[in-house]
Amino acid sequence: MPPGLRLVQKVSATRAFGRIAPHFIPAMDRTVHRLTRGRVLLSARMLPGVVLTARGAKSGLPRRTPLACMPEEEAGAWVLIGSNFGRPGHPAWTANLLAHPDAEVSWRGADIPVRARLLAGAEREAVWAAALAFWPPYAAYQARIDREIRLFRLERRAEGVPQTRAADHRGDPPPG
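Reference entry: report on the structure contained in this document. Just so it is clear, the structure is predicted and the values come from calculations on it, not from any experiment. (Residues numbered from 1 in each chain as written. Predicted model: local features only at pLDDT ≥ 70, side-chain atom pairs only at ≥ 80, totals over all residues. Heavy atoms only, no water.)

What to know about the sheet that holds strand E3 (residues 70-72)
To keep it simple, the criterion reads: Pairs of strands are assigned from DSSP output, requiring at least two bridges between the strands. Elements are defined by DSSP. Helices are runs of H or I of four residues or more, strands are runs of E of two residues or more, and each kind is numbered from the N terminus. Interaxial angle, 0 to 180 degrees, is taken between N-to-C directions of lines fitted to C-alpha atoms, where a helix line uses only the stretch in contact. Any two residues having at least one pair of non-hydrogen atoms within 4.5 Å are treated as being in contact.
Taken in spatial order, the seven strands line up as E2-E1-E5-E6-E7-E4-E3 in an open sheet, and their pairing is antiparallel. Across the chains shown, the open sheet's two edge strands, defined by having one partner strand only, are strand E2 (62-68) and E3. In this sheet, neighbouring strand axes are inclined to one another by 30° on average, regardless of whether the strands run parallel or antiparallel. With three bridges joining them, E3 and strand E4 (residues 77-82) adopt antiparallel strand pairing. The residue of E4 that forms the bridge with Glu72 is Ala77. Of the strands in this sheet, strand E1 (49-55), E2, E4, strand E5 (102-107), strand E6 (110-118) and strand E7 (150-156) are in contact with helix H3 (residues 92-99), which crosses E7 at around 55°.

Details of the side chain of Ser83
In this structure, Ser83 sits in the loop between E4 and H3. Ser83 has contacts with Tyr138, Tyr141, Arg147 and Ile149, leaving out every residue within four places of it along the chain.

And the structure:
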């Protein structure tokens, strides 16, 4: 375990951190990410991170959000945890992915097209257990709120082949 990691985990599990962090961590990450042309996310010093670009659920405009992630290296996928630092509402990026699952992540300086899938049932439970082992403060976040924290798996998709929600096809399978 890297030096100081336990202290960071304890601090990040506090309510005070949950109130303050959303106001400075994302802005700091976006700035550093832009200045380093996608090579550095400061928050990734403790947790791996991506910058998610997804269309806004209502506006349809691109929204860039730096997020901690749980990489699934063998599968070439990433799990995103909608903890919102243990605050009551779901983070906006989760609504964006529900409305527009085709997105892009910046991972280690590379822009990768992905498709997001909300996890449910036994699959969600298995991933949640892995997420708690990966970053124990998620348990404190879940204990503070009534909503179930949303988990998404982002899987690579072929570039230039946009996929749409199955509902947009009125029952037809997605193109592919």
